[in-house]
Amino acid sequence: MATKKLNQSIFRLVVGLVMLTATMILINVWSSTSKHAEHQLNNDLKVAQNVFEQVLANRENVLYNSASVLTADFGFKQAVATGDRPTINSALFNHRGRINADLMALVSLNGKNISSVPKILVPDQTFPYPRVVQNAISNGGASSLLFIDQRLYQVMMLTIDAPTPIAVAVIGFEINQEWGQQLKNITQLETTIEVQTKGEETFTISTLPANLVAPTLAQQDQPLSWLSLSLLNDVPYVSRRFLLADEDNFKVLITLSNDVHRLFADFRALQTNIALIALLAIILALCFAALFSRKVAKPLVALADIAQRISSGDYNKAINTTSSSTEVTNLAIALESMQSNIRQREEKISYQAQHDILTGLNNRYNMEVQLNAKFEQNKPFQVLGINVFGFRGINDVFGYHNGDICLQILAKRLAEYGGLGARLAGGELLWIPDTLVTHEQVIAFKNTLEEPIETGDASITTRVSVGMLNCPIDAQNAEELFRRMNIVLDETQKTEQLMLSYEPEYEHRYLRRLSIIAELKTALNDQQEELSLFYQPKLDLISGTVTKVEALIRWNNALLGFVSPEDFISVAEQAGFIGKITDWVINQAIKDAVILKGLGLNVSIAINLSAKDVMDDTLLPHIITLMNASQLETNALSFEMTESDLVQEPEKAIQQLQAFRNRGFEMAIDDFGTGYSSMSYLKNLPVTTLKVDKSFVLKLDSQQGDQKIVRSVIDLAHNFGLNVVAEGIENQATLKLLHGWGCELAQGFYMSKPLPLNDFVQWHKKHQSTNWLED
């Protein structure tokens, strides 16, 4: 929908309403005044007609009185009776003079003219209107209008009785132009008298101007409209015609005309004044509407410009809009408040988009922008990556609240050194010093970060590793810098060298890990023949036979060659597909267990599980399904877990291990002695075996300290009702010591290295009767 400007709409609305109102008033006034004038005109004509008729009646009375006097005069009767024409003429002449009559005549009963003054009637000729004469004789008198000798007369005819009628006296006044003018003076109307003889107009007198007589008479039947009266002005007179006399051969018509211009002069003046007032009102409305609309629209336009400016992101200009309107002022206040709130929110959003909310340091995105800006300057600078060792452990042990405080204090200490600081993720920080720092300064910086952190709830001692890059030598852009910083920090974690500068060889190892991930995925999905299980025997020191083996995965890749489990297992755990390896090992171990069972070898295969495997609720049902399908008893498999993995979620680990135990599986704690196990934790673990780490066994025969540890572990395990497996046995002396201390199982190269299944079968057959303790 097309939009219109507010000031134009206001202007049009106000002007439109005023014009409509003025027009309605004008039409109403014109219509009312015209109707009133027309009504008055009709009244005037009606009154004038009455006056006219009254004047004629008065003249008729005068004529009657005069005629009565004349006809009652004895001498006149005698003269009429005797036919004394001189006397008759004298009487008529004298009487005419007394009443100023225009016609005096005497007509015989047979309708012959006897005499007339003036002599307009020829004696002895028939009176022009014999029916009037007979009417007068019959009724004793008659009043009529007579048109004689191109003159119109109002006449009174009375019989002269002696005592019977002997003649008829005629007395008349002429109806002429002068009489019409007198009547006009009384009625203020123009008077037109028409005499029509035999349907044709033969005589006309009028007080109208000669040139207006004909058009006025022609328009007398035309309806008078208010439009004609008000605007067209095409009817100068309005007239009323009535029939005054209708004799046998002629008619007398009277037309009274009123001057429309005169009659409507006052009304027209009123209409003109009202029209002028309306026009003035419209002009004033135009002016005021223009001023008002501009006054209202101008601040709104200014506010609209301000809103547009705000929408474009300009929040800094003050909103100064002066208006007397409360609504506009409130709108300006609302816009100002909105601008302030948007500016604050945008600043907050911008800050949050560029900074780490927890520490207030720059976030990775903003640091990337600033790093690229520094690279563009093409000036050398240093970047120090900081990784908090075991930060997840801090959260687990001290809680996330204390972990957050720890990071905040570290960030504060970093910020005190100046330069640019950033938090990349978790416990990873980044620092770009303002100036190049020496190795000693980096050590001091690291020591500062590692000072104990007091959170209020705990005192936390942190270890941080520092990786350093010298740019632009070690990195050419931010993306490359982040990648190589991760590599060098990863190297500090793996080598536990807590301060390293970037070396290209770190990247080579990193790329190898990436290759391991890619190739291992391919091996698990499509090339499982690269994977194999080797079995290392566990010698039962009580029976002297091998009843258990540990399944150890091996991988020979066409591209990478042999990859040790230490390399690809940790990579698989980090890459998140250790579960696929576990599935492959379990499937392969079950297949091999079926083979061993078929060969009559009662050997239990121990499978290593990661912490993620233990926590997987679907693993145990999956294993049970596979074993049932292979018709294997639960003693065909056992499981080993590293104690350090289980302490991360001890409660659930205990619950999951208990489920395995409930199904009849033996469970062993691998690498016991190197983790964080406590006596209370060990007491609650539903395991059957402790497996002493080989680091305590390799030199057991010569290291008294190891002997004390291993013997204590054996005693401890026995106290808890657990069996003990010692791994890493490489000589008979060690084996004898363990046997002497009551260790139940021994595993090591002294008996056998890990063997492929077929080799293990052959080895087992070969050493069924071997006494490993015998010299």
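Our subject in this report is the structure included herewith. Since the model is a prediction, treat every value here as computed from it, not as a measurement.

1. Concerning the overall build of the protein
Inference 1: Broken down by element type, the protein carries 25 helices and 26 strands.
Inference 2: The C-alpha radius of gyration of the protein comes to 70 Å, more than 25% above the 28 Å expected for a compact globule of 775 residues.
Inference 3: Across its three principal axes, the protein shows a C-alpha extent of roughly 215 × 70 × 50 Å.
Inference 4: Burial statistics for the protein: of 775 residues in total, 45% are counted as buried.
Inference 5: Pairs at least 24 apart in sequence give 64% of the contacts found in the protein among residues at least 6 apart.
Inference 6: Accessible surface, the protein: about 39,200 Å² in total, of which carbon and sulfur atoms supply 52%.
Inference 7: Of the charged side chains in the protein, 65 are positive and 84 negative; the average position of the first set lies 7 Å away from that of the second.

2. With respect to unusual backbone geometry
Inference 1: Between Val-117 and Pro-118 the backbone carries a cis peptide bond, its omega angle lying at -10°.
Inference 2: Here Pro-118 shows up in the loop between strand E2 (113–117) and helix H4 (130–139).
Inference 3: In this structure, Asn-100 takes a positive phi of about 55° despite not being glycine.
Inference 4: Within the secondary structure, Asn-100 sits in the loop between helix H3 (85–99) and strand E1 (103–108).
Inference 5: The backbone phi angle of Asp-124 is positive, close to 70°, even though this residue is not glycine.
Inference 6: With respect to the helices and strands, the residue Asp-124 is situated in the loop between E2 and H4.
Inference 7: Judged by its relative accessible area of 52%, Asp-124 falls in the exposed class.

3. Topic: the environment of Asn-771
Inference 1: Within the fold, Asn-771 resides in the segment after helix H25 (757–766).
Inference 2: As a C-alpha pair, Asn-771 and Pro-236 span 535 residues in sequence and 156 Å in three-dimensional space.
Inference 3: A polar atom in the side chain of Asn-771 sits 3.1 Å from the backbone nitrogen of Leu-773.

4. Focus: the nonpolar core
Inference 1: By size, the foremost hydrophobic cluster in this structure holds 79 residues, and its most contacted members are Ile-605, Leu-637, Phe-639, Phe-665 and Leu-738.
Inference 2: Counting residues per element, this core draws most heavily on helix H17 (residues 578–598), which supplies nine residues.
Inference 3: Apart from the residues within four sequence positions on either side, Leu-738 is in contact with Leu-541, Val-697, Leu-700, Val-710, Ile-714, Ala-726, Ile-729 and Cys-743.
Inference 4: Grouped together as the second largest cluster of nonpolar side chains are 43 residues, Ala-105, Tyr-129, Ala-136 and Leu-146 included.

5. Concerning the packing of aromatic side chains
Each pair of aromatic rings is reported with the distance of its centres and the angle of its planes.
Inference 1: Counted under the stated rule, the structure contains 13 aromatic pairs.
Inference 2: Aromatic pair Phe-760 and Trp-763: ring centres 6.2 Å apart, planes at 20°, arrangement stacked. Placement of the pair is Phe-760 and Trp-763 together in helix H25, with a separation of three residues, close to one helical turn.
Inference 3: For Trp-763, a relative accessible area of 10% gives the class buried.
Inference 4: An aromatic cluster is present here, built from Tyr-750, Phe-760, Trp-763 and Trp-772 joined pairwise through their rings.
Inference 5: Over the ring of Phe-381 we find Lys-374, and its NZ or CZ is 5.4 Å from the ring centre.
Inference 6: If you follow Arg-463 out to its NZ or CZ, it ends over the ring of Phe-389, 4.7 Å from the centre.

6. Digging into the sheet that holds E2
Inference 1: As summarised here, the arrangement of the five strands in space is E2-E1-E5-E4-E3, forming an open sheet in which the pairing is antiparallel. Looking at strand neighbours, the two that pair on one side only are E2 and strand E3 (141–148), the edges of this open sheet. Going across the sheet, the axis of each strand differs from the next one's by a mean of 25°, ignoring polarity.
Inference 2: Here E1 runs beside strand E5 (residues 165–174); their pairing, made up of six bridges, is antiparallel. Residue Val-107 lies in a different strand from E5, and its bridge partner there is Val-168.

7. Thoughts on the sheet that holds strand E15 (residues 464–471)
What links the strands of a sheet is backbone hydrogen bonding, and the strands pair in either a parallel or an antiparallel sense.
Inference 1: Read across the sheet, five strands follow the order E11-E12-E10-E15-E16 without closing on themselves; strand pairing throughout is mixed. Two strands lie at the open edges of the sheet, namely strand E11 (420–425) and strand E16 (499–501), each paired on one side alone. When the angles between neighbouring strand axes are averaged without regard to direction, this sheet yields 20°.
Inference 2: With three bridges connecting them, E15 and E16 associate as parallel partners. Across the sheet, residue Met-468 finds its bridge partner in E16, namely Ser-501.
Inference 3: Here helix H13 (residues 439–449) sits on the sheet in contact with strand E10 (381–388), strand E12 (428–432), E15 and E16, set at roughly 145° to E15.
Inference 4: Relative to the sheet, helix H14 (residues 478–495) contacts E10, E11, E12, E15 and E16, its axis offset from that of E15 by approximately 145°.

8. Re the pairing of strand E24 (residues 723–727)
Inference 1: E24 sits mainly inside the fold: four of its five residues count as buried.
Inference 2: Where strand E23 (residues 689–692) and E24 come together, four bridges link them in parallel fashion. Looking at the pairing, Lys-691 lines up with Val-725 of E24.
Inference 3: Tracing the backbone out of E23, into helix H23 (residues 704–719) and back to the parallel element E24 gives a crossover that is right-handed.
Inference 4: Looking at chain direction, E24 and strand E25 (residues 745–747) are connected through three bridges and run parallel.

9. Quick notes on the packing of helix H15 (residues 504–525) against helix H16 (residues 565–575)
Inference 1: Running from N to C, H15 and H16 cross one another at 80°; their axes reach a closest spacing of 10 Å. By the criterion of interaxial angle, the relationship of H15 to H16 is roughly perpendicular. The residues of H16 that touch H15, namely those facing Arg-513, Ile-516, Ile-517 and Leu-520, are Asp-567, Phe-568, Val-571, Ala-572 and Ala-575.
Inference 2: Split by residue class, the contact of H15 with H16 holds seven nonpolar, no polar and two charged.

10. Topic: the side chain of Gln-339
Inference 1: As for its position among the elements, Gln-339 is in helix H10 (residues 326–354).
Inference 2: Among the polar contacts made by the side chain of Gln-339, one reaches the side chain of Arg-309 at a distance of 3.4 Å.
Inference 3: Each residue touching Gln-339, except ones within four places of it in the same chain, is listed here: Arg-309, Ile-310, Asp-314, Tyr-315, Lys-317 and Ile-319.

11. Observations concerning the environment of Val-328
Inference 1: Among the secondary structure elements, Val-328 is positioned in helix H10.
Inference 2: Note on Val-328: relative accessible area 7%, which makes it buried.
Inference 3: Once the C-alpha coordinates of Val-328 and Val-296 are considered, the two residues, 32 residues apart in sequence, prove to be 8.3 Å apart.

Rules and cut-offs
Residues numbered from 1 in each chain as written. Predicted model: local features only at pLDDT ≥ 70, side-chain atom pairs only at ≥ 80, totals over all residues. Heavy atoms only, no water. Helix = DSSP H or I, 4+ residues; strand = E, 2+ residues; numbered from the N terminus. Rg over C-alpha atoms; globule rule 2.2 N^0.38 Å. Buried < 20%, exposed > 50% of the residue type's maximum accessible area, 1.4 Å probe, protein only. Contact = heavy atoms within 4.5 Å. Areas by Shrake-Rupley, 256 points an atom, 1.4 Å probe, with all protein chains shown as cover. Lys, Arg positive; Asp, Glu negative; His and termini not counted. Charge placed at Lys NZ, Arg CZ, Asp CG, Glu CD. Polar contact = N/O pair within 3.5 Å; in protein donor to acceptor, adjacent residues only side chain to side chain. Core = buried A, V, L, I, M, F, W, Y, C linked by side-chain atoms within 4.5 Å. Phe/Tyr/Trp six-rings, centres within 6.5 Å; stacked < 30°, edge-to-face > 60°. Lys NZ or Arg CZ within 6 Å of the ring centre and 35° of its normal. Pairing = 2+ DSSP bridges. Axes fitted to C-alpha atoms, helices over the stretch in contact; angles between N-to-C directions. Right-handed = clockwise from strand over helix to strand, strands pointing away. Parallel < 35°, antiparallel > 145°, perpendicular 65-115°, else oblique. Nonpolar A, V, L, I, M, F, W, Y, C, P; charged D, E, K, R; others polar.

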